[in-house]
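Coordinates in review
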Amino acid sequence: DSGVTQTPKHLITATGQRVTLRCSPRSGDLSVYWYQQSLDQGLQFLIQYYNGEERAKGNILERFSAQQFPDLHSELNLSSLELGDSALYFCASSAVNREDTQYFGPGTRLTVL
Amino acid sequence: KNEVEQSPQNLTAQEGEFITINCSYSVGISALHWLQQHPGGGIVSLFMLSSGKKKHGRLIATINIQEKHSSLHITASHPRDSAVYICAATGNQFYFGTGTSLTVIP
């Protein structure tokens, strides 16, 4: 158990809809990362938050947004969903920096029908 | 354009064999991570390297900053090592390799 929790585990929705994925980091970790893993693209970095502020941005679509709240949990919002958004979405946390060891959550499997 | 290249893509080994997985990157980095992903999907961070070499049990990771290359070695491989191994170059963001799927046969 990494200490990182993600909800929900599975999500099935339709094209055009909007969903919210939630992540609670390990106790004491200030950085949260979001990743997308699809069969054809592999793992891709979406975004990093550090203590409530956006720290780094990767290949995150404009339809996607994230935030980190004062209690350090984070949410990833995906809107106007397309079939191609079906993927595993992982959250990870680390103490401070991208150079610190990351602890991954179990992932949320999103299926868009 | 792939910022991180991993090889081989697939690897099958007999139990006890010495295994090497390679990772080359083209971007400037501050660190390189090796990750392990088991068939169930969970991801575990094995190593974070910024220079030199690290060892944990039967796993050894090395990095050559000048050559922009890292290797992950598994000594005395075991069926429980069967997993996908992914390298991730850390700079302004993360760049992932496509992964090496390792199967260790008893």
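Source: prediction; values computed, not measured. Sequence order as written defines residue numbering, which begins from 1 separately in each chain. The naming scheme follows written order: chains are lettered A onward, ligands numbered 1 onward. In keeping with the predicted nature of the model, local features appear solely for residues at pLDDT of at least 70, side-chain atom pairs appear and are counted solely at 80 or more, and the whole-chain, interface and lining totals rest on all residues. The basis for every side-chain value is the complete set of heavy atoms in the structure, and neither hydrogens nor water enter the calculation.

Further remarks concern the sheet that holds strand 3 (residues 19–25) of chain B. All names here are of chain B. One requirement defines pairing of two strands: DSSP has to find at least two bridges between them. Comment: elements are numbered from the N terminus, with helices defined as DSSP H or I runs of at least four residues and strands as E runs of at least two. Strands sit in the order 1-3-8-7-6 across an open sheet of five strands; the sheet is antiparallel. Unpaired on one side and paired on the other, strand 1 (4–7) and strand 6 (52–56) mark the two borders of the sheet. Averaged over all pairs of adjacent strands, the angle between strand axes in this sheet comes to 15°, irrespective of strand direction. By the bridge criterion, five bridges tie strand 6 to strand 7 (residues 59–64) in an arrangement that is antiparallel. Axis lines are fitted to C-alpha atoms, over the contacting stretch for helices. Their N-to-C directions set the angle, which ranges from 0 to 180 degrees.

A word on the state of the cysteines. Cysteine sulfur atoms are paired as a disulfide whenever they come within 2.5 Å of each other. Counted by the stated rule, this structure contains two disulfides over all chains. Between the sulfur of Cys23(A) and that of Cys91(A) lies a disulfide, 1.7 Å long from S to S. Because the torsion about its S-S bond is -45°, the bridge between Cys23(A) and Cys91(A) counts as left-handed. Residue Cys23(A) is located in strand 3 (residues 19–24), and its partner Cys91(A) is located in strand 9 (residues 87–94); the two are separated by 68 residues in the primary sequence. Between buried and exposed lies partly exposed: a residue is buried under 20% and exposed over 50% of the maximum accessible area for its type, with that area taken using a 1.4 Å probe on protein chains only. Taking the relative accessible area as the measure of exposure, Cys23(A) reaches 0% and is therefore buried. With a relative accessible area of 0%, Cys91(A) lands in the buried category. The disulfide that involves Cys23(B) links it to Cys87(B), with 2.1 Å between the sulfurs. Of note, the bridge from Cys23(B) to Cys87(B) carries an S-S torsion of about 80° and is right-handed in sense. With Cys23(B) in strand 3 and Cys87(B) in strand 9 (residues 83–90), this residue pair connects regions lying 64 residues apart in the sequence. Among the residues examined, Cys23(B) registers a relative accessible area of 0% and is labelled buried. The class of Cys87(B) is buried, set by a relative accessible area of 0%.

Bringing the interface of chain B and chain A into the picture now. Pairs of residues are marked as contacts when any of their non-hydrogen atoms sit within 4.5 Å. On the side of chain A, 16 residues touch chain B, which itself brings 16 residues to the contact. Two parts placed together each lose some accessible area; with a 1.4 Å probe, that loss summed over both constitutes the buried area. For the pair chain B and chain A, the summed buried surface comes to about 1,400 Å²; carbon and sulfur atoms form 62% of the total. Among the residues of chain B in contact with chain A, Ile43(B), Phe94(B) and Phe96(B) are the three that bury the most area, contributing 40% of the side total. Under the rule applied, a polar contact is a pair of N or O atoms within 3.5 Å (in protein, one hydrogen donor and one hydrogen acceptor; residues adjacent in sequence only if both atoms are side-chain atoms). Joining chain B to chain A, the criterion identifies four residue pairs in polar contact (both at pLDDT 80 or more). When contributions to the side of chain B that touches chain A are tallied by element, the ones reaching two or more residues are strand 4 (31–37), strand 5 (43–49), strand 9 and strand 10 (94–96) of chain B. Looking at which element gives the most residues to the side of chain B that touches chain A, the answer is strand 4 of chain B, with four residues.

Ring pairs shown here join Phe, Tyr and Trp side chains whose ring centres sit within 6.5 Å, with only the six-membered ring taken for Trp; geometry is labelled stacked below 30 degrees between planes, edge-to-face above 60, and tilted in between. Under the counting rule described, the total for this entry stands at ten aromatic pairs over all chains. Here Tyr35(A) and Phe94(B) contribute two aromatic rings whose centre-to-centre distance is 5.9 Å and whose plane-to-plane angle is 70°, an arrangement assigned as edge-to-face. In this pair, Tyr35(A) sits in strand 4 (residues 31–38) while Phe94(B) sits in strand 10, so the two residues belong to two different chains. Its relative accessible area of 1% is what places Tyr35(A) among the buried residues. Taken together, a centroid distance of 6.4 Å and an interplanar angle of 25° make the contact between Phe94(B) and Phe96(B) stacked. For Phe96(B), a relative accessible area of 14% corresponds to the buried category. An aromatic cluster is present here, built from Tyr33(A), Tyr35(A), Phe45(A), Phe90(A), Phe104(A), Phe94(B) and Phe96(B) joined pairwise through their rings.

The analysis is restricted to geometry; functional conclusions fall outside its scope.
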